[in-house]
Amino acid sequence: MSFVLFRLEKNVNHHPQLLVLVRSHLQDRIVMLVDLDYFFAQAEETRNPSIRDKPVVVCVYSGRSEDSGAVSTANYAARKFGVRSGMPIGLAKQKLENADAVFLPVDDAFYEDISKRIMSFLRGYADSFEQVGIDEAYLDVSRRIKGSYEEAAELARRIKIEIVTSDGLTCSIGVGPNKIVAKIASDIHKPDGLTVVKPQQVTEFFSPLSVDRLIGVGVKTTEKMRALGINTIGDLAKHDVQRLIDVFGKKVGLYFHNASSGVDNDPVQERAEAESVSRISTLKEDTRELRLIIEKTDRQCKEIEAELKQGCLTFKTVTIIAIMKNMSVRSRSKSLENKTSSVDVLIKTVYELFEKFLEQSDLEIRRVGVKVSGFARDEKSQQQLTSFIEKD
Ligand code: DCP
Ligand code: CA
Ligand code: CA
């Protein structure tokens, strides 16, 4: 889709009227990005309001030593002290020494539950809907509000009130003619922000912003751009497209050129996501022998891996299922420390679970199964639009 656009853009550069036509067609859409503020930490505040005024840090503890692990997120009180997602917990503790801070472990199930509820009512407000993470989603609302930015702003205000009323959470919303503009607009006034950027305001809105606001522009790319004298999105938009292609390659160069000019034709579209993927099958004979069971489950794990690959999914929870000789059904689960897509981790976890299970039961097993759940989309493929961009 984007390619068609690029080619059109190239050809129409010599025909300004046609260019206006192409652009105005793209600008017909009104897209909204809703992103929950400091999500995990705010979720923790809602179940324990007494921590609300303190710095709150939600952590993924690795379990190796008391403070080993990383910060998942922090509330804005903690961010004032320089605490950020991904920072070592030890460092966050140093920054918050004497600040009466609260450190909590992540509770994925609790956040998933809130997220599901909010996403399901957001979906109801959209012509088309695309969830892009646990706490954010794009809504194409063009038809619903008949192309009126005033109505879009009104809808965004209603959505904000509804999320506060139902779950006590604030969010930040960006409204614009496409996903790139909506995303940057949602980021600009956090927390509890609402930023509407009409098509005719895009250039003015984008020009002064630092290039690293664009998806796909990380530390390394920012450095490369600085070396080319590109600091702001406005600089990038003015930079010769052929020179961008020379430096970043055709796809990425064109993406930077279009994105910085606020041109983005990527549709808002639902991503189908299963809750779990599983395989179950009957053993050659009823058995308690680990080797025979593993022979079967190894194959199941490989099939599951292949299915997950198609959707670029990672999983967090592994479950084994055993249907016993007397037809009773047993299961054991393990929640992994980190989300993964590794078949080796899956095979190893299934092995350990069955090994332990066999120690605890003395019945023969008739059927065995493997299930994975707790999905997230693999980071590398999170943005369709930017899947070709080097990560840095
Ligand atoms: N998250 C994480 N590790 C990261 C980044 C995020 O575990 N490195 C989790 C915790 C966040 C949630 O994902 O609460 C959503 O991520 P966001 O990037 O949207 O960040 P927040 O919602 O925490 O903060 P903001 O208010 O900036 O959106
Ligand atoms: Ca967020
Ligand atoms: Ca987010």
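Residues numbered from 1 in each chain as written. Chains lettered and ligands numbered in written order. Predicted model: local features only at pLDDT ≥ 70, side-chain atom pairs only at ≥ 80, totals over all residues. Heavy atoms only, no water.

This next bit is on the coordination of the calcium ion (ligand 2). For the calcium ion (ligand 2), the protein coordination sphere consists of Asp35 (OD), Leu36 (O) and Asp135 (OD), at 2.2 to 2.3 Å. Each of the 6 donor atoms around the calcium ion (ligand 2) contributes to a set of angles spanning 80 to 165 degrees, which defines the coordination as octahedral. (Donors = N, O, S within 2.8 Å, 3.2 Å for Na, K, Ca; no water. Tetrahedral: all angles 85-135°; square planar, octahedral: opposite > 155°, others 65-115°.)

A few words now on the site of ligand 1. Surveying the vicinity of ligand 1 reveals 13 residues, the closest of which are Tyr38, Ser72, Thr73, Arg79 and Lys190. Between ligand 1 and leucine 36 there is a distance of 3.3 Å, counted from an oxygen atom to a backbone nitrogen or oxygen. Phenylalanine 40 is positioned such that a nitrogen or oxygen atom in its backbone is 3.0 Å from an oxygen atom of ligand 1. Here ligand 1 loses 67% of its free accessible area of 560 Å² to cover by the protein chains. When contributions to the shell around ligand 1 are tallied by element, the ones reaching two or more residues are β1 (31–36), α3 (39–47), β3 (69–74) and α4 (76–79). Of the residues that constitute the shell around ligand 1, the class distribution is 5 nonpolar, 3 polar and 5 charged. Split by domain, the shell around ligand 1 shows at least three residues from each of two domains, domain 1 (28–38 + 110–202) and domain 2 (55–100). (Near = heavy atom within 4 Å. Polar contact = N/O pair within 3.5 Å; in protein donor to acceptor, adjacent residues only side chain to side chain. Areas by Shrake-Rupley, 256 points an atom, 1.4 Å probe, with all protein chains shown as cover. Helix = DSSP H or I, 4+ residues; strand = E, 2+ residues; numbered from the N terminus. Nonpolar A, V, L, I, M, F, W, Y, C, P; charged D, E, K, R; others polar. Domains from an automatic or database assignment.)

A separate point is the pattern of salt bridges. One pass over the full model with this rule turns up 28 salt bridges. Across the pair aspartate 192 and lysine 160 runs a salt bridge whose closest N-O atoms are separated by 3.0 Å. Of this pair, aspartate 192 sits in the loop between α8 (179–188) and β8 (194–196) while lysine 160 sits in helix α7 (residues 149–167), placing them 32 residues apart in sequence. Note on aspartate 192: relative accessible area 46%, which makes it partly exposed. Among the residues examined, lysine 160 registers a relative accessible area of 13% and is labelled buried. In this structure, lysine 309 engages glutamate 305 in a salt bridge whose closest nitrogen and oxygen atoms are separated by 3.7 Å. Taken together, the residues lysine 309 and glutamate 305, both in helix α14 (residues 290–311) and 4 residues apart, mark about one turn of the helix. Owing to a relative accessible area of 58%, lysine 309 belongs among the exposed residues under this scheme. Within this structure, Lys284, Glu289, Arg291 and Glu295 form a network of salt bridges that share partners. (Salt bridge = Lys/Arg side-chain N within 4 Å of Asp/Glu carboxyl O. Buried < 20%, exposed > 50% of the residue type's maximum accessible area, 1.4 Å probe, protein only.)

A word on the sheet that holds strand β2 (residues 56–61). Read from one edge to the other, the open sheet built from 3 strands follows the order β3-β2-β4, with strand pairing classed as mixed. Each of the sheet's edge strands pairs with one partner strand only, and the pair in question is β3 and β4 (102–105). Adjacent strand axes in the sheet meet at a mean angle of 35 degrees, parallel and antiparallel pairs treated alike. Here 5 bridges tie β2 to β3, and the two strands are oriented antiparallel to one another. Counted as the bridge partner of valine 58 is threonine 73 from β3. (Pairing = 2+ DSSP bridges. Axes fitted to C-alpha atoms, helices over the stretch in contact; angles between N-to-C directions.)

At this site the calcium ion (ligand 3) is bound by Asp35 (OD), Asp135 (OD) and Glu136 (OE), with donor distances of 2.3 to 2.4 Å. All donors of the calcium ion (ligand 3) come from a single chain, and their spacing in sequence reads D-x99-D-E. A distance of 3.5 Å spans the gap from the calcium ion (ligand 3) to the calcium ion (ligand 2), which aspartate 35 bridges by coordinating each metal. Of this pair, aspartate 35 sits in strand β1 while aspartate 135 is found in the loop between β5 (128–133) and β6 (136–140), placing the two residues 100 residues apart along the sequence.

As a packed pair, helix α12 (residues 241–248) and helix α13 (residues 250–260) sit with axes 7 Å apart at the nearest point and diverge in direction by 140 degrees. Accordingly, the angle class assigned to the pair α12 and α13 is oblique. Both α12 and α13 take part in a crossing whose hand is right-handed. Of the residues in α13, those touching α12 at Val241, Leu244, Ile245 and Phe248 are Lys250, Val252, Gly253, Leu254, Phe256 and His257. Residue classes in the contact of α12 with α13 are distributed as 7 nonpolar, 2 polar and 1 charged. (Parallel < 35°, antiparallel > 145°, perpendicular 65-115°, else oblique. Left-handed = near helix turned anticlockwise from the far one by under 90°. Contact = heavy atoms within 4.5 Å.)

Here the focus is the sheet that holds β5. With mixed pairing, the 5 strands of this open sheet are ordered in space as β5-β6-β1-β7-β8. Across the chains shown, the open sheet's two edge strands, defined by having one partner strand only, are β5 and β8. In this sheet, adjacent strand axes meet at a mean angle of 15 degrees when their direction is disregarded. With 5 bridges joining them, β1 and β6 adopt antiparallel strand pairing. Paired with methionine 32 across the strands is leucine 139, a residue of β6. Sheet strands touched by α8: β1, β5, β6, β7 (171–176) and β8. Its angle to β7, the strand with the most contacts, is close to 145 degrees.

Turning our attention to the confidence of the model for the chain. For the chain, mean pLDDT is 89; residues scoring 70 or higher make up 88% of the total. Low confidence marks residues 1–27, where pLDDT is under 50. Its contacts with residues over four positions away, or in another chain, come to 24 contacts. This stretch, residues 380–392, has a pLDDT under 50; its non-local contacts, to residues over four places away or in other chains, come to 35 contacts. (pLDDT = per-residue confidence, 0-100.)

Okay, unusual backbone geometry next. Residue lysine 190 is joined to proline 191 through a cis peptide bond whose omega torsion reads -10 degrees. Structurally, proline 191 is set in the loop between α8 and β8. We note that lysine 146 has phi near 50 degrees; this positive angle belongs to a residue other than glycine.

With 5 bridges joining them, β5 and β6 adopt antiparallel strand pairing. The residue of β6 that forms the bridge with glutamate 130 is tyrosine 138. The antiparallel pairing of β5 with β6 creates a hairpin that spans 2 residues between the two strands.

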